[in-house]
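Observations on chain architecture
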Amino acid sequence: MISLSDYLILSSIIFCIGLVGIFINRKNIITLLMCVELILAAVNTNFIAFSHFLGNEAGQIFVFFILTVAAAEVAIGLAILTLMFRNRGSIDIDITSSLKG
Amino acid sequence: MTSAQILFYTFSFFLVASSLIMIFAKNAAKAVLFLVLAFFSVAGLWILLEAEFLAITLILVYVGAVMVLFLFVIKMLNIDKSTLRAKFAGYLPLGLIVAAIIVAEMTMVLGHEQFGLNIYPAPEKASADYSNITILALQLYTDYVYPFELAAVLLLIAIIAAIALVHRPEQNRKKQDISEQVSVRAKDRLRIVSIAKNNKEVNND
Amino acid sequence: MSNTAQNLFQFDTSTLVFALPEIFLLSSIVVILLIDVFLKKSFKNITYYLSQIAIFITALLSYSLIGNGEQIIFSGSFIHDDLAAIFKVAMMVASIVVLVYSRTYLNIHNLFKGEYFVLVLLAILGMMVMVSGYSLLTLYLGLEILSLSLYTLIAIARSRANAVEAGLKYFVLGAIASGLLLYGMSMIYGINGSLNISEIAQFASGASLQSSQQLILNFGLVFIVIGVAFKLGAVPFHNWVPDVYQGSPTSVTMFLSSVPKIAAVAMLIRLLIEGLGSLQDYWSDLFIALAILSIGVGSLVALMQSNIKRMLAYSTISHIGFILLGFATGTMTGYGSAVFYVFTYVLMSIAAFGVVILLNNKGFESELISDFKGLSKRSPWFALMMLIIMLSMAGIPPFIGFYSKFFILQQVVNSGFIELAIIAVIFAVISAYYYLQIIKSMYFDESDNTSPISSSMDTQLVLSINAVLILAVGLFPNYWMNIALSVF
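Residues numbered from 1 in each chain as written. Chains lettered and ligands numbered in written order. Predicted model: local features only at pLDDT ≥ 70, side-chain atom pairs only at ≥ 80, totals over all residues.

1. Things to note about the interface of chain C and chain B
- Taken together, the contacts link 30 residues of chain C with 20 residues of chain B.
- Elements represented by at least two residues in the side of chain C that touches chain B include exactly α1 (2-8), α5 (114-132), α6 (136-155) and α9 (211-232) of chain C.
- Top contributing element to the side of chain C that touches chain B by residue count: α6(C), with 9 residues.
- For the side of chain C that touches chain B, the per-class residue count stands at 19 nonpolar, 8 polar and 3 charged. (Contact = placed C-beta atoms within 7 Å. Helix = DSSP H or I, 4+ residues; strand = E, 2+ residues; numbered from the N terminus. Nonpolar A, V, L, I, M, F, W, Y, C, P; charged D, E, K, R; others polar.)

As structure tokens, this is what we get:
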């Protein structure tokens, strides 16, 4: 049988892939946002796995809200990205360096 | 191996592989497609965990709306060929090693000693008339009614933000004004001119 | 349990009274949003006044609820106590002042839009939810309501590339921070099976806690501390602070440097003190590291800044360090002095940005420290205000900034961390240099620009009151300190 720890380890691997993705894609905002989605997917899997093995629904409810928040967040993020493109003609920024001005 | 195990490892394989391809993809559109594959695998895992409603929501809302929004923006801004590759391919091996160490450490924390089957035994399979949606709905509209309202506020913010940020005021936009169209009279559009009989400049077009 | 939920669930509508401030604010947001749509451009002032009235009434409602003891409603996801009520009143007052200062700036810089005020109101609502959040879920949702409104507010200056870039940067880093925070929350939920702070507290302080469970709690705790530190802007998670402060429109910088800090401190209290208070030994160590790094980096890097907004950003980082130091002591008085510190910080920060924004009202963005040259000639009164603010920030008696630092350091020494107190004092002395530099350029440097500063009456009046308060509160610090202590 698949144990709780299998799910948790899987989601920790996905979590770390997301972090590595953020690290190597620091200049590529679109991929960066996708890495954040990956991290959220890992978190959601955590919640659902706990919810299943503990037999209480609070975890699933939490995931419901995380999905809602993430959808709203992506809408706003892509709106800002579009603005950025209109202003600069490109979306090349490095989130770790200071403001170009 | 039981069928559940086979499914678990298949989905996990696809999940890990497609996430890895996604973070290394040079082409943003390709990255989105592999993220979609990753989400499908996640949804499969969630169904194994008997969270059917959320698995379906993930596909419908995430893949159906959010990922398509990503693709839409990528195509609209024409940025699928990433011009910027961070210049630290040299740091990459180090990064991967650090990540591997973190995974190893997390595996120790989350391993079978803490979360094995002997501590958290697999719950009994839900009966055939079990409805995941009913249970979630009962909780959402009772115990979680306050967070539910807050989620509505969040969506309101998303609407306001999207409109306030990217909606451009009308500039030379050609749009229909129905009331103007309806109230138009023949004399506004049509001019009757009497043409001399022997006018030769007849336009044949 | 699901089948019984139907029968067991009871909802007493009379308990809704404790959520009245939130309910009122949300309703007025919707009404203001609707009214604003139908307003002609020349009547946008109405939106401004309606927003101010809405905040004011919300403050009154929150104030009237003080002294009702601890009330937990909505199945344990909402708490009303004195801490919540006092924090809410403080946030409302600060927001009203921020909006008063912003008005002229928004008009001149073409940002005087209905959406701006609605988003500020929504951000305030998010902060109220955070302050009253008593489950991981509501804390997270409040945080996201606040963050999403702030990202939008920053980028709302659509034609300014800097503002949009700052918004994007804040957005990406904020989203990553939320991800880390959520990972921690999932661990805490997984080990105790509940999202409610009270049940988490019960579980974490239970005698039957096994060492493996303790391990998972600590594991989750680390992620939560990182997430909170990110949101507060503590070193080494401070990368976004200077850029966002510099890039945002000054009115937004003023808002985001002040009011959200109160909410973040409230969230920290709920999560780490009320929820995981029994792990205080573990998070104290993390906090000490964050605090010393923040104080150090904040004080040293601020010395090199020529941009006043960046300088104030690093000054914020060092103030955050002091707040964390107060929490790290782990005593009730320590927590109280940290709360006192955050209130005084907000008072000073709003006043400082109030003066900066006054200089901006000429149509161009004045952001350089050299713009303060000769301010004493251009406007002696505002120069005096700025003098008070800077002396207070530097921590010079008898101003309030001195007492807030003093209370924190007193607690740090009492808890036996004498060397920490010494390090903090050394950096505080270093940081005094750049505050004094502004005073020097105001009073002793000549400027080619000798035009007097014009401002509206309400700004002048409120700014003066604000600066006088910095002095006046400094004269009776113990009275205010007792209020801060009473919330615990």
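There is more to say after this.
2. Some words on the interface of chain A and chain B
- Listed by partner, the interface residues are 59 residues for chain A and 71 residues for chain B.
- Those elements that provide at least two residues to the side of chain A that touches chain B are α1 (4-24), α2 (29-54) and α3 (58-88) of chain A.

3. Focus: the packing of α9(C) against helix α11 (residues 250-275) of chain C
All names here are of chain C.
- Between α9 and α11, whose axes approach to 10 Å, the crossing angle comes to 165°. Regarding the angle of α9 to α11, the classification is roughly antiparallel. Note that α9 runs across α11; the crossing there is left-handed. Listed contacts from α11 to Ile224, Val228, Lys231 and Leu232 of α9 are Ala264, Met267, Leu268 and Leu271.
- Residues that form the contact of α9 with α11 fall into these classes: 7 nonpolar, no polar and 1 charged. (Axes fitted to C-alpha atoms, helices over the stretch in contact; angles between N-to-C directions. Parallel < 35°, antiparallel > 145°, perpendicular 65-115°, else oblique. Left-handed = near helix turned anticlockwise from the far one by under 90°.)

4. Remarks on helix α4 (residues 82-108) of chain C
Residue and element names in this part refer to chain C.
- If you check α4, its first and last C-alpha atoms are 40 Å apart, about what 27 residues at 1.5 Å a residue would give, namely 39 Å.
- Its axis deflected by about 40° at Ser102, α4 carries its strongest bend there.
- For α4, a buried count of 21 out of 27 residues is recorded, marking the element as mostly surrounded by other parts of the structure. (Expected span 1.5 Å × (residues − 1). Bend = angle between axes of the 7 residues up to and from the residue. Buried ≥ 20, exposed ≤ 12 C-beta atoms within 10 Å, placed from the backbone.)

5. Some points on the nonpolar core
- Judged by nonpolar contacts, the single largest core of 295 residues is most densely connected at A:Ile80, C:Leu125, C:Ile145 and C:Ile389.
- For C:Ile145, the contacting residues outside a window of four places in its chain are B:Leu150, B:Val153, B:Leu154, B:Ile157, C:Leu122, C:Leu125, C:Gly126 and C:Val129. (Core = buried A, V, L, I, M, F, W, Y, C linked by C-beta atoms within 7 Å.)

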